[in-house]
Amino acid sequence: QEAGMGLSRLQAFTVVSEAETDDEGNILFAEFVPRAVAIIRSMLKFEAGLLDDGAAAEEEEFHHALDSALRPLLELGAECEF
């Protein structure tokens, strides 16, 4: 099964396991989001390498959509103390 954004449960778990937390167990959002994006991109790039060339265009479209969706959150995270 997939957990949002086309990731399997194992992939989603892998991404979340990279989150750093503060002393109270809260995820450090401003640090986590860029790391999560990098991990997801790496996973998708690897998978695209296993697929045909049509997948590369879909991957690029996904990256663009992901960047557009997360840009406001990253900007918000940069302005807030967590």
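Rules of the game
Residues numbered from 1 in each chain as written. Predicted model: local features only at pLDDT ≥ 70, side-chain atom pairs only at ≥ 80, totals over all residues. Heavy atoms only, no water. Helix = DSSP H or I, 4+ residues; strand = E, 2+ residues; numbered from the N terminus. Buried < 20%, exposed > 50% of the residue type's maximum accessible area, 1.4 Å probe, protein only. Areas by Shrake-Rupley, 256 points an atom, 1.4 Å probe, with all protein chains shown as cover. Salt bridge = Lys/Arg side-chain N within 4 Å of Asp/Glu carboxyl O. Core = buried A, V, L, I, M, F, W, Y, C linked by side-chain atoms within 4.5 Å. Contact = heavy atoms within 4.5 Å. pLDDT = per-residue confidence, 0-100. Arc of directions from axis to C-beta.

## Overview of the overall build of the protein
In step 1: Of the regular secondary structure elements, the protein holds three helices and zero strands.
In step 2: Along the protein, helices and strands appear, N-terminal first, in the series α-α-α.
In step 3: The buried share of the protein, reckoned over its 82 residues, is 24%.
In step 4: Total accessible area on the protein stands at roughly 6100 Å², and carbon and sulfur atoms take up 55% of it.

## Focus: the pattern of salt bridges
In step 1: Applying the stated criterion to the full structure yields one salt bridge.
In step 2: Here Arg35 makes a salt bridge to Glu18, at a shortest N to O gap of 3.2 Å. Here Arg35, found in helix α2 (residues 29–50), pairs with Glu18, found in the loop between α1 (9–17) and α2; they are 17 residues apart in sequence, far enough to count as distant.
In step 3: Take Arg35: its relative accessible area is 41%, and that puts it in the partly exposed class.

## Topic: the nonpolar core
In step 1: Judged by nonpolar contacts, Leu7, Val15, Ala19, Phe32, Ala36, Ile39, Ile40, Met43 and Leu44 together constitute the single largest core of nine residues.
In step 2: Counting residues per element, this core draws most heavily on α2, which supplies six residues.
In step 3: Non-local contacts of Ile39, meaning those with residues more than four positions away in its chain, are made with Val15 and Glu18.

## Regarding the confidence of the model for the protein
In step 1: For the protein, per-residue confidence averages 76 on the pLDDT scale, and residues scoring 70 or more make up 73% of the total.
In step 2: The weakest mean pLDDT in the protein belongs to helix α3 (residues 53–79) at 70; the strongest belongs to α1 at 86.

## Concerning the environment of Ala19
In step 1: Assignment of secondary structure puts Ala19 in the loop between α1 and α2.
In step 2: With 12 residues separating them in the primary sequence, Ala19 and Glu31 have C-alpha atoms 8.0 Å apart.
In step 3: Other than its neighbours up to four places away in sequence, Ala19 contacts Ile27 and Phe32.

## Here's the deal with α1
In step 1: Those residues of α1 that sit buried are Gln11, Ala12 and Val15. Along the axis of α1, the buried positions cluster into a sector of 100°, meaning they face one direction only. More than 90 degrees from the buried face of α1, the exposed residues found are Arg9, Leu10 and Phe13.

## Examining the environment of Ala48
In step 1: Considering the arrangement of structural elements, one finds Ala48 in helix α2.
In step 2: In this structure, the C-alpha to C-alpha distance between Ala48 and Glu59, residues 11 residues apart in sequence, is 7.2 Å.

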